[in-house]
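# Topology and contacts: notes
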Amino acid sequence: MFKSTMPENGRIVHLQFNGESITAFDGDNLAAALLRAGKVQFRTAAKNDPRGPYCMMGVCFECLVEIDGRPNQQACQMTVHDGMIIQRQNAPDSAGKASG
Amino acid sequence: MANQHFQIVIIGAGPAGMAAALTTTKAGLETIVIDDQKDSGGQVYRNLQANQETSPAYLGQSYYDGAKLAQSFADCGAVYRPDCTVWQITDMHEVALVSRGKAELITADYIIIATGAIERPMPVKGWTLPGVMSVGGAQTLLKQAALGADNAVFVGSGPLLYLTAWQYIKAGLAVRAVIDITGEKQWRSAIPFAPLALLQPDMLAMGRKWIGDIRRNTELIYSVSTIEIIGQSQAQGVSCTLSSGDKIDIDANHIFLHQGVVPNVNLTMATGLAHQWDHQAHCWRPVIDVTGKSSDEQIYIAGDGGGIGGAKAAAIAGRLAASAIVARYGKPRFLAQLYYKLRHLHYLSIRPFLDRLYLPSADFRLAQTDETIICRCEAVSKAGVNAALASGASGPNQLKAFCRAGMGRCQGRSCGLVVQEMIASHTGQSMAEIGYYRLRPPVKPITLAELASLEGPWPD
Ligand code: FES
């Protein structure tokens with residue numbers, strides 16, 4: 001499990017991940033906040049094919065989640081905000097289409 | 001709204017892009033720097049300005065070396081647009097980007113592409129399981145969020161792997177093991193180039209320090225012939241076979257993979273620029289002259305995106321490209337250019353050694369078992385790619401149509417090199433003959449709503 005390597009500080013914000021409430025720090029990277037909370041699976045690519053963030057730089061698209069109702073969001077490229085509602089993104093999604 | 005026009009558009013705010021902006025702004029050229037991250041620095045100096053406040057020592061001096069460049073960049077007067085995704089460069093040298101859900105077009109006299117590197121894919125069985133990350137991803141978490149995991153296992157080879165494992169140790173994290181896949185064959189091919197690498201004594205000394213500290217603080221496992229990640233819903237361990245035949249199983253929930261970096265060619269390829277297969281570094285790179293000028297007179301490529309050289313070489317490459325452009329506005333800077341060229345060559349002197357030493361063997365470049373996923377996005381296994389080859393797919397694009405490998409959102413960034421090399425070993429052709437996926441804009445997925453927000457004529 002990921003843990004902080006420096007003293008934690010900052011304003012606490014509250015998120016929801018799959019209905020479970022999680023705390024994070026204001027300004028946190030979303031993927032980092034979820035990992036700190038012990039969440040490693042962010043989506044499924046198919047049945048029994050769980051995935052989580054891999055590259056943390058926007059390249060691999062393994063960190064896709066649904067945020068406040070919008071699907072296909074790259075968690076590693078997002079910043080948290082108070083009250084953010086995140087859902088694991090389950091297959092089938094629209095992967096492969098350049099738009100939509 | 002009319003299109004915005006800048007004399008110089010720089011894409012990427014890593015060392016190459018930042019350094020290029022210093023030179024163009026000093027020459028009085030209107031410059032905009034567009035970057036997809038929230039802060040300047042690129043991947044190598046990610047989150048540097050924020051980290052300077054607390055300065056965790058575990059990130060190491062090579063990281064803080066970027067501070068001066070980042071500060072000069074912040075003060076240089078270039079227009080800086082973070083958090084923007086460039087999805088196309090048109091034939092008219094318009095740069096199409098999306099920023100906060102809105103699309104824009106920016107026109108330029110000259111474009112400098114400084115989009116850096118990505119990690120070479122490392123397809124081992126189980127690498128799609130949650131808990132497995134690239135070493136670059138693990139390092140980003142450390143730099144950006146001060147996050148690390150105890151009892152992680154690092155697997156692979158290359159400077160970034162040793163640096164990150166070293167940073168983990170210095171951060172007080174328990175590293176379970178480092179499994180080094182560098183083989184004896186690589187050492188033999190690299191050694192003749194060691195004298196040239198001695199021109200970079202600081203870099204060699206740094207590497208020795210990282211590896212020495214790793215050896216003292218964790219188990220360093222060499223001479224491995226197979227690697228597999230174990231787990232059902234998340235990673236539970238690594239299992240490897242040594243060349244002696246012995247098997248080692250290690251429990252771990254966090255496994256970090258890395259086998260080098262390659263130029264990030266998606267934008268340069270989708271722009272239609274000429275590329276060539278680099279035999280030494282075993283990757284595609286854009287065709288550029290010594291100043292970074294591409295096959296398009298108006299487009300320059302600087303930094304790792306033009307060929308891997310590391311952060312310091314990238315900054316010099318940015319200076320070199322920018323001063324070549326300044327010269328084209330009638331302000332030649334012969335001495336500066338000569339100086340940058342020599343510095344650049346000097347920084348690159350370690351590459352022939354490093355490229356050979358850390359070129360992973362075919363065993364690790366190509367997956368070892370049939371069930372190993374090659375294309376992560378579409379979940380296509382090695383067996384799936386082989387089936388497409390057996391039924392006659394003869395090139396990367398045809399193979400895409402046969403089995404969907406490369407069709408997903410990452411646009412081949414995680415599988416392209418692997419698929420291409422599998423075709424090469426099946427058909428006996430060279431990598432240059434086979435070519436890469438045909439890449440087309442948009443190079444990052446954009447939504448219809450974002451496209452519709454574009455005012456003025458659409459790019460073709
Ligand atoms: S973790 Fe790779 S795109 Fe987010």
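If you're wondering where the values come from, they're calculated on a predicted model, not measured in any experiment.

### Let's talk about the domain arrangement of chain B
Residues and elements named next belong to chain B. Domain parsing of chain B yields domain 1 (4-118 + 262-332), domain 2 (121-259) and domain 3 (366-434). For domain 1 and domain 2, the distance between their C-alpha centroids amounts to 29 Å. Across the interface of domain 1 and domain 2, roughly 960 Å² is buried in total on both sides, 55% from carbon and sulfur atoms. Of all residues in domain 1, the largest losses of buried area upon contact with domain 2 belong to Arg46, Tyr58 and Leu59, amounting jointly to 58% of the total for that side. Put simply, domain 1 and domain 2 have 0 salt bridges between them. The interface formed by domain 1 and domain 2 includes 7 residue pairs in polar contact (both at pLDDT 80 or more). Here the side of domain 1 that touches domain 2 is built from residues that sort into 4 nonpolar, 5 polar and 1 charged.

### Examining the pattern of salt bridges
Pairing is possible between side chains that carry opposite charge, provided their charged atoms lie close to one another. Tallying each qualifying case throughout the model produces 24 salt bridges over all chains. A salt bridge links Asp213 of chain B to Lys170 of chain B; the nearest nitrogen and oxygen atoms lie 3.8 Å apart. Within this pair, whereas Asp213 of chain B is found in helix H9 (residues 201-217), its partner Lys170 of chain B is found in helix H6 (residues 159-170), the two being separated by 43 residues in sequence. Relative accessible area serves as the criterion here: at 11%, Asp213 of chain B is assigned to the buried category. A relative accessible area of 45% places Lys170 of chain B in the partly exposed class. If you follow the salt bridges from partner to partner, you end up with Arg43, Asp49, Arg51 and Glu62 of chain A together with Arg376 of chain B in one network.

Conventions we followed
- Residues numbered from 1 in each chain as written.
- Chains lettered and ligands numbered in written order.
- Predicted model: local features only at pLDDT ≥ 70, side-chain atom pairs only at ≥ 80, totals over all residues.
- Heavy atoms only, no water.
- Domains from an automatic or database assignment.
- Buried area = accessible area lost by both parts, 1.4 Å probe.
- Salt bridge = Lys/Arg side-chain N within 4 Å of Asp/Glu carboxyl O.
- Polar contact = N/O pair within 3.5 Å; in protein donor to acceptor, adjacent residues only side chain to side chain.
- Nonpolar A, V, L, I, M, F, W, Y, C, P; charged D, E, K, R; others polar.
- Helix = DSSP H or I, 4+ residues; strand = E, 2+ residues; numbered from the N terminus.
- Buried < 20%, exposed > 50% of the residue type's maximum accessible area, 1.4 Å probe, protein only.

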